[in-house]
Amino acid sequence: MGAGLAGAAAAWYLTRRGFSVEVYEQAQVVGGHVRTEWFRGIPYEPHGAHIFHTDHRTVWNLVSGVVEFVPYRHRVLTRLRGRLVSWPPQRADLCALPDFADIARELANLPGPTDESDFESYCVSVLGPTLYGECVRAYTEKQWGRHPSTLSAAVARGRVELRDDGCHDFFRDTYQGWPRRGYGDLVEALLRPSVVHLGCRITLKDLPEISQVGRPVIVTSALDDFLGEPGALQWRGVRLQPVYLPETALAQPAMVVNEPSASLAWTRSIETKWALPELHNRLGTLVLREYPGVRAKHYPVLDAADGNQRTQRELERRLRSQSRNPIYLAGRLATYSYINMDVAILHGLRAAERVAAQEEC
């Protein structure tokens, strides 16, 4: 159920082992949130920036083996007091701030270790109160529509840090790149041997129509939808507003520019064209502003009180108790987890491995 990266990876694994696989996708196209669109030969991403990065050689060999990947190491800038600095911030970039001595004293006086109580406590313990207040707090309030202290520290882990090593890449993973023809091409390649049903919204009650009793089912859709209870889980969605600039080659100095100011409604601007160097000198580019708060399931809301996560665990329990089929969950939506693309693929592969092991027994 679902033709995003997790579902496509599961289908790829099973078809290569001789299984017959049918994939059901609610949308009229495959790819889910990672699908790339094109306008006049320029790529853009209607669901936000997606950068492939991983330390898992198996995952990298899989994706780069089915489609061509272009080397690309992602850089992010954030606006701080009217100037753009690298994100995560480097101490060397901050030295030019007139009050850097005060910021340095804050950092020196941080008690350590990292405070895992909640998102805000985590960030303050890493960045100090000044940098957190100027770079993170308002951005987070815009992005999530709630006070940062109500979010889990897991939302910040791996995304918020202070660096002093000169590394300006957002990710440190060994393997990084971007599919030359976009992520839709990658998902389509993984699904090529499978039967794919588009425009099919499947819930638990629909399983008798599409699968025999006892046949394994891999679910990658959100469980509140799959159980027919939309709204049981909290989600946060974004809306991307693209603008095509016909006389501009590149409109901003990096693919992503964060806008932490509370005075702006958008959180960041994205120029996907940065991923393809052969397009850099070509006139015509698309810049997308990302506005949070729409009704879409882009991000699970991991709260500090663990309320949404408890609801997810209850939905999982009910699903397994009510289903006439063995159910395996994979991907960000089905597992209600804030994961990267390589982990979504690993979810799909591991679910497929369990299916194969069961069927071969």
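Reference entry: report on the structure contained in this document.

Rules and cut-offs
Residues numbered from 1 in each chain as written. Predicted model: local features only at pLDDT ≥ 70, side-chain atom pairs only at ≥ 80, totals over all residues. Heavy atoms only, no water. Helix = DSSP H or I, 4+ residues; strand = E, 2+ residues; numbered from the N terminus. Rg over C-alpha atoms; globule rule 2.2 N^0.38 Å. Buried < 20%, exposed > 50% of the residue type's maximum accessible area, 1.4 Å probe, protein only. Contact = heavy atoms within 4.5 Å. Areas by Shrake-Rupley, 256 points an atom, 1.4 Å probe, with all protein chains shown as cover. Lys, Arg positive; Asp, Glu negative; His and termini not counted. Charge placed at Lys NZ, Arg CZ, Asp CG, Glu CD. Pairing = 2+ DSSP bridges. Axes fitted to C-alpha atoms, helices over the stretch in contact; angles between N-to-C directions. Polar contact = N/O pair within 3.5 Å; in protein donor to acceptor, adjacent residues only side chain to side chain. Phe/Tyr/Trp six-rings, centres within 6.5 Å; stacked < 30°, edge-to-face > 60°.

**Details of the overall build of the chain**
- Regarding its fold elements, the chain presents eleven helices and 15 strands.
- Compactness check: the chain gives a C-alpha radius of gyration of 21 Å against a globular reference of 21 Å for 361 residues, within 12% of the reference.
- When its C-alpha atoms are laid out on the principal axes, the chain stretches across 70 × 50 × 35 Å.
- Classification of the 361 residues of the chain by burial places 53% in the buried group.
- Within the chain, residue pairs in contact and separated by at least 24 positions form 73% of the contacts whose partners lie at least 6 positions apart.
- Approximately 16100 Å² of the chain is accessible, and the part contributed by carbon and sulfur atoms is 49%.
- Across the chain, the centroid of the 42 positively charged side chains sits 2 Å from that of the 41 negatively charged ones.

**Re the side chain of Asp224**
- Note that Asp224 resides in helix α8 (residues 223-226).
- Taking relative accessible area as the criterion, Asp224 reaches 0% and is therefore assigned buried.

**Overview of the sheet that holds strand β6 (residues 76-80)**
- Strand order in the open sheet made by the six strands is β7-β6-β12-β13-β14-β11, with mixed pairing throughout. Pairing within the sheet leaves two strands with one partner each, and these edge strands are β7 (83-87) and β11 (235-245). Pairwise comparison of adjacent strand axes, ignoring direction, gives a mean angle of 30° for this sheet.
- Bridging between β6 and strand β12 (residues 256-258) involves three bridges; their strand directions are parallel. Its bridge partner lying in β12, Leu77 is registered against Val257.
- Packing against the sheet, helix α5 (residues 119-144) makes contact with β6, β7, β11, β12, β13 (268-270) and β14 (285-300), and its axis sits at approximately 75° to β14.

**Describing the sheet that holds strand β8 (residues 175-179)**
- Spatially, the three strands line up as an open sheet ordered β4-β8-β5, and their pairing is antiparallel. Here the strands that pair on one side only, and so sit at the sheet edges, are β4 (52-54) and β5 (69-71). Sheet twist, expressed as the average angle between the axes of neighbouring strands with direction ignored, equals 40°.
- With three bridges joining them, β5 and β8 adopt antiparallel strand pairing. Note on β8: the bridge partner recorded for Pro71 is Gly177.
- Of the strands in this sheet, β4, β5 and β8 are in contact with helix α2 (residues 57-66), which crosses β4 at around 150°.

**Quick look at the environment of His298**
- Here His298 shows up in strand β14.
- On the basis of relative accessible area, His298 is assigned to the buried category, the value being 7%.
- Taking the C-alpha atoms as reference, His298 lies 38 Å from Asp102; in sequence the two are 196 residues apart.
- The contact partners of His298, leaving out residues within four places of it in the chain, are His33, His47, Arg236, Gly237, Val238 and Arg332.
- Side-chain polar atoms of His298 contact the side chain of His47, separated by 2.9 Å.

**Digging into the environment of Ala11**
- Mapped onto the elements, Ala11 comes out in helix α1 (residues 5-16).
- The exposure class assigned to Ala11 is buried, which follows from its relative accessible area of 2%.

**A look at the packing of aromatic side chains**
- All told, the structure shown has twelve aromatic pairs when counted by the stated rule.
- Note on Phe52 and Trp60: the rings are 6.3 Å apart at their centroids and 40° apart in plane angle, and the pair reads as tilted. Each member of the pair Phe52 and Trp60 is classed as buried.
- Measuring from ring centre to ring centre gives 6.0 Å for Trp144 and Tyr338, while their planes differ by 80°; the resulting arrangement is edge-to-face. With Trp144 in helix α5 and Tyr338 in the loop between α10 (331-335) and α11 (341-360), this residue pair connects regions lying 194 residues apart in the sequence.
- Relative accessible area serves as the criterion here: at 7%, Trp144 is assigned to the buried category.

**Here we look at unusual backbone geometry**
- Residues Trp87 and Pro88 are joined by a peptide bond in cis, for which omega reads 0°.
- Checked against the element boundaries, Pro88 lands in the loop between β7 and α3 (91-94).
- Cis geometry marks the peptide bond from Gly112 to Pro113, where omega comes out at -5°.
- Structurally, Pro113 is set in the loop between α4 (100-108) and α5.
- A positive phi is found at Asp306, a non-glycine position, where the angle reads about 70°.

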